[in-house]
Amino acid sequence: MADFSNTTYAFTDLMDGYCETDKLGPLNSIAEPINSIFSFISIILACFVYFQAKNVSRFHLFAYSCCVGYGIASLLFHVTLYNGFYRVLDILLSYLQATCLLLLSDGIFRKFEKIQFALLLMFVFYPAIVSVLGASSTSPWIAWLVFDFMWAPIAVMMIYSFTKRKSWSDEKSDRNLFVLIIYITAFILLAYGCWVADKFFCENVYIAYIPFHGLWHLFIVHGFLYLIVFTSYVFEQQMEYLRYEAMFKAYPNEHFILLCWVYWKFLDNDTIVKELSDNSNTNINDESSKSSTESILSSED
């Protein structure tokens, strides 16, 4: 019979911690208080956006919930440095990536069944593969590289969405939403930069006392929140049968976005009829204008 004893681990095994532990040392009550504070801020931000996202699909609420869960697991890990909490936050981060991939694919490739099927399979297997590689491999680089690889299809789908902005967006406020691609990229890169600084440059006296790992949590959650908002908008644009309109809100404003969310505004029958009537009148006016122009040109001839 196979021996699976070496595949188990103790939930309460203490991990080495991060740069904060190396320089400041663990406290009796809270192992890494600075990183814990940043994790708590991430929870607050994710909860705020979750409750602002009115009427969006449950898939998007699930993605926001993953952000909240990741923040909670990060907080518990930095308070205790328990191995079990680290594995929980690691799996939740993979689920966040896979969920965003699924939401983007559902909004973009709904008409392409084979592509949709392949991406669904990726969503099914990816979090499990990352978890297994992380638990079984002696080198953490294996799981890290698999996690990093998933940004490639997400980036491709965001770029594809950007090329469609003129056909999906008629209003300036809608087009501003595609600025989120820049914000998503910037925050993800900032998060990676902070993680690398904390992981590999802790010995540098100028870097050691900056809470880079805490900033990693804050920036990566920010990046995922922006990505979920982006997928929510793209999803609504593709679902023509929905009786909702995606409303983009930014704080403090659309030119300088620190926090943003999308809620779906329900369109009642009167609003739908009015919009159809306005579109019909616009078309009639366009035809009348065209006929008048043709008449004038004919008379001049």
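As the structure is a computational prediction, the values presented were derived from the model and not from experiment. (Residues numbered from 1 in each chain as written. Predicted model: local features only at pLDDT ≥ 70, side-chain atom pairs only at ≥ 80, totals over all residues. Heavy atoms only, no water.)

Looking at the side chain of His 213
(1) Moving on: Take His 213: it is sitting in helix 11 (residues 212–238).
(2) Moving on: A distance of 3.2 Å separates the side chain of His 213 from the side chain of His 217, its partner in a polar contact.
(3) Moving on: In contact with His 213, not counting residues within four places along its chain, are Tyr 18, Asn 35, His 78, Trp 195 and Asp 198. (Helix = DSSP H or I, 4+ residues; strand = E, 2+ residues; numbered from the N terminus. Polar contact = N/O pair within 3.5 Å; in protein donor to acceptor, adjacent residues only side chain to side chain. Contact = heavy atoms within 4.5 Å.)

A few points about the packing of helix 7 (residues 151–163) against helix 10 (residues 180–200)
(1) Moving on: Contact geometry for helix 7 and helix 10: axes closest at 11 Å, N-to-C directions at 160 degrees. The orientation of helix 7 with respect to helix 10, classified from their angle, is roughly antiparallel. Helix 10 is crossed by helix 7, and the crossing has left-handed handedness. Here helix 7 contributes Trp 151, Met 158 and Phe 162 to the contact with helix 10, which in turn contributes Ile 181, Ile 184, Ile 188 and Tyr 192. (Axes fitted to C-alpha atoms, helices over the stretch in contact; angles between N-to-C directions. Parallel < 35°, antiparallel > 145°, perpendicular 65-115°, else oblique. Left-handed = near helix turned anticlockwise from the far one by under 90°.)

So, the nonpolar core
Looking at soluble globular proteins, one finds that nonpolar side chains tend to be buried together.
(1) Moving on: Ranked by internal contacts, the top residues of the largest apolar core, which has 80 residues, are Ile 220, Phe 224, Leu 227 and Phe 230.
(2) Moving on: Of all the elements, helix 11 adds the most residues to this core, at 17 residues.
(3) Moving on: Not counting residues within four places of it along the chain, the set of residues in contact with Leu 227 comprises Cys 100, Leu 104, Trp 151, Ile 154, Met 158 and Ile 184. (Core = buried A, V, L, I, M, F, W, Y, C linked by side-chain atoms within 4.5 Å. Buried < 20%, exposed > 50% of the residue type's maximum accessible area, 1.4 Å probe, protein only.)

Concerning helix 2 (residues 33–52)
(1) Moving on: Spanning 20 residues, helix 2 covers 29 Å between terminal C-alpha atoms, matching the ideal 28 Å at 1.5 Å per step.
(2) Moving on: Three or more residues of helix 2 are buried, namely Asn 35, Ser 36, Phe 38, Ser 39, Ser 42, Ile 43, Leu 45, Ala 46 and Val 49. (Expected span 1.5 Å × (residues − 1).)

Remarks on the state of the cysteines
(1) Moving on: This model, assessed by the stated rule, comprises one disulfide.
(2) Moving on: Paired through a disulfide, Cys 19 and Cys 202 show a sulfur-sulfur distance of 2.0 Å. Classification of the bridge connecting Cys 19 and Cys 202 rests on its S-S torsion, roughly 95 degrees, and on that basis the disulfide is right-handed. Here Cys 202 lies in the loop between helix 10 and helix 11 and Cys 19 lies in helix 1 (residues 19–24), a separation of 183 residues in the sequence. Here Cys 19 and Cys 202 have matching classes, each one buried. (Disulfide = S-S within 2.5 Å.)

Remarks on helix 3 (residues 58–80)
(1) Moving on: Between its terminal C-alpha atoms helix 3 stretches 32 Å, which fits the 33 Å expected from 23 residues at 1.5 Å a residue.
(2) Moving on: Positive phi appears at Leu 81, one or two residues downstream of helix 3, with a value of about 60 degrees.

Things to note about a nonpolar patch on the surface
(1) Moving on: Together, Leu 24, Ile 34, Val 205, Tyr 206 and Tyr 209 make up a nonpolar patch on the protein surface, roughly 600 Å² of accessible area in all.
(2) Moving on: If you trace the backbone, Tyr 206 turns up in the loop between helix 10 and helix 11.
(3) Moving on: On the basis of relative accessibility, which here comes to 71%, the residue Tyr 206 falls in the exposed class. (Patch = residues over 30% accessible without salt bridge, like charges linked within 9 Å, V, L, I, M, F, W, Y side chains within 5 Å. Areas by Shrake-Rupley, 256 points an atom, 1.4 Å probe, with all protein chains shown as cover. Salt bridge = Lys/Arg side-chain N within 4 Å of Asp/Glu carboxyl O.)

Details of the packing of aromatic side chains
(1) Moving on: Scanning all chains against the criterion turns up twelve aromatic pairs.
(2) Moving on: Each member of the aromatic cluster is reached from another via a ring pair, and the members are Tyr 183, Phe 187, Phe 219 and Tyr 226. (Phe/Tyr/Trp six-rings, centres within 6.5 Å; stacked < 30°, edge-to-face > 60°.)

Remarks on the environment of Ala 46
(1) Moving on: Mapped onto the elements, Ala 46 comes out in helix 2.
(2) Moving on: With 23 residues separating them along the chain, Ala 46 and Gly 69 place their C-alpha atoms 9.2 Å apart.

All we've got here are geometric facts, nothing functional implied.
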